[in-house]
Amino acid sequence: MESLDLNILNDKIKEDSAFIQPLSLQLKSLVVGQENLIEKLIIAILANGHVFLEGVPGLGKTYIVNALAKLIDTKFQRIQFTPDLLPADIIGTLIYNQAKSTFEVKKGPIFSNIILADEINRSPAKVQSALLEAMQERQVTIGDSTYKLENPFLVMATQNPIEQEGTYPLPEAQVDRFMFKVLVDYPSEIEELNILKSMSSLTGQVEINPTVNSQQILNARKTIDQIHIAENLQKYIVSLVFATREPSRYNLKDLTGLIDFGASPRASLFLVQASKALAFMNQRGYVIPEDIRNVGLAILRHRVVLSFEAEAEEINSDEIVTRIFESVPTP
């Protein structure tokens, strides 16, 4: 009976994931390199998560998100975060209508499907927190009324790691709401040469036509919910997260003084959701350890808060998370 159920599920996955390959190929044809970023963006869309990008300007972060929004036939808004930005500039506000003597709601750019929060650390905490309710609850409160956001809804925030003057670091509560933190690096020499060949035209603009609609994304999410993750893999996920909190329990005593705070339970949930989405992309009805390991670094790197000692020794969170994956036994 279980075998029959798995066969039915595999057929359903094959049908509902048919759009993944064309979407991925189209993105790769538009953006040279950045395959890891493309994969994480698609996983985030499927798993209903948000993405935090860190990389220097000019690496195509804005372009790839804009292209993704057009390919999925959804609404896209780019919000440039600046020191003078107000919460109302993001979520909207109440405007007084003199003719009717009433207040009317003017909705802000957050009422879209895909939001690019460009250089999110350029604005103070009050503005950053305007995104919190939208990201977690998928709703926005303006005045006394609460409005549901459209589905699918993805926030992609960027941060420049070099220039830190006049910036406001994101609070941990907000960073934790991002499913992935992806580090966007420079392209290789070959990739940059291909960028020159394909995008150096001053007049030519690539036309982007939708290859998938939002309903297909929502149908895919229902199928992803049915993907099986074995109990031993669930225990593996819990062990990985607990190793960030109590490393000494996993023969990692040398990490104890390097970690101030480990990952939250939200990390465990995201590891399950993202690994299921990756299994779906690979047309499998079950999760394997490689799925968890593939998404693990991008999920855990921004949830491990390092101590002053780690910063003094110039140890970053990627090194800590990599050590944890090497030490926790794989089922």
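Owing to the predicted nature of the structure, the values given are computational and were not obtained by experimental measurement. (Residues numbered from 1 in each chain as written. Predicted model: local features only at pLDDT ≥ 70, side-chain atom pairs only at ≥ 80, totals over all residues. Heavy atoms only, no water.)

Next up on the list: the pairing of strand S5 (residues 114-118). Counting buried positions along S5 gives 5 out of 5 residues, so the element sits mostly inside the fold. Alternating positions in S5 separate into two faces, Ile114, Leu116 and Asp118 on one and Ile115 and Ala117 on the other, with burial throughout. Both strand S2 (residues 76-80) and S5 contribute to a ladder of 5 bridges, which runs parallel. Opposite Gln80, over in S5, you have Asp118 as the bridge partner. Here S5 pairs with strand S8 (residues 154-159) via 4 bridges, running parallel. Looking at S8, one finds that Ala117 is bridged to Ala157. (Buried < 20%, exposed > 50% of the residue type's maximum accessible area, 1.4 Å probe, protein only. Helix = DSSP H or I, 4+ residues; strand = E, 2+ residues; numbered from the N terminus. Pairing = 2+ DSSP bridges.)

Our next topic: the sheet that holds strand S9 (residues 180-183). Across the sheet, which stays open at both edges, the 5 strands sit in the order S2-S5-S8-S1-S9 with parallel pairing between neighbours. Each having just a single partner strand, S2 and S9 make up the two edges of the open sheet. Strand-to-strand twist in this sheet, taken as the mean axis angle between neighbours without regard to direction, amounts to 20 degrees. Relative to S9, strand S1 (residues 51-54) runs parallel, the two sharing 4 bridges. If you follow Leu53 over to S9, its bridge partner there is Val182. Packed onto the sheet, helix H4 (residues 61-71) meets S1, S2, S5 and S8 and runs at close to 170 degrees relative to S5. (Axes fitted to C-alpha atoms, helices over the stretch in contact; angles between N-to-C directions. Contact = heavy atoms within 4.5 Å.)

With 78 residues, the main nonpolar core has Leu46, Leu68, Phe180 and Ile299 as its most contacted residues. Here Leu68 is in contact with Leu23, Leu27, Leu41, Ile45, Ile114 and Leu154, once residues within four sequence places are set aside. (Core = buried A, V, L, I, M, F, W, Y, C linked by side-chain atoms within 4.5 Å.)

Packed helices, taken two at a time, are described by the angle between their axes plus the distance between the axes. Close contact between helix H13 (residues 289-300) and helix H15 (residues 317-327) brings their axes to 9 Å; oriented N to C, the two are set at 150 degrees. Of the possible angle classes, the one that applies to H13 and H15 is roughly antiparallel. In this structure, the crossing between H13 and H15 has a hand that is right-handed. Residue-level contacts link Ile292, Arg293, Gly296, Leu297 and Leu300 of H13 to Asp318, Val321 and Phe325 of H15. Among the residues making up the contact of H13 with H15, the classes are represented as 5 nonpolar, 1 polar and 2 charged. (Parallel < 35°, antiparallel > 145°, perpendicular 65-115°, else oblique. Left-handed = near helix turned anticlockwise from the far one by under 90°. Nonpolar A, V, L, I, M, F, W, Y, C, P; charged D, E, K, R; others polar.)

Let's shift gears to the layout of surface pockets. Considering only enclosed or pocket space, the largest pocket measures out at about 590 Å³ in volume. Elements with a minimum of two residues in the lining of the largest pocket: S1, helix H8 (172-175), S9, strand S11 (305-306) and H15. (1 Å grid on protein atoms, 1.4 Å probe; cavity = no way out; pocket = protein on both sides within 12 Å on 5 of 7 lines; lining within 4 Å. Points joined across faces, edges and corners; volume = space filled by probe spheres on them.)

There is a patch of nonpolar side chains on the surface, built from Leu94, Tyr96, Phe103 and Val105 and spanning about 390 Å² of accessible area. For the nonpolar patch, the elements supplying multiple residues, two or more each, are strand S3 (92-97) and strand S4 (102-107). With respect to the helices and strands, the residue Leu94 is situated in strand S3. (Patch = residues over 30% accessible without salt bridge, like charges linked within 9 Å, V, L, I, M, F, W, Y side chains within 5 Å. Areas by Shrake-Rupley, 256 points an atom, 1.4 Å probe, with all protein chains shown as cover. Salt bridge = Lys/Arg side-chain N within 4 Å of Asp/Glu carboxyl O.)

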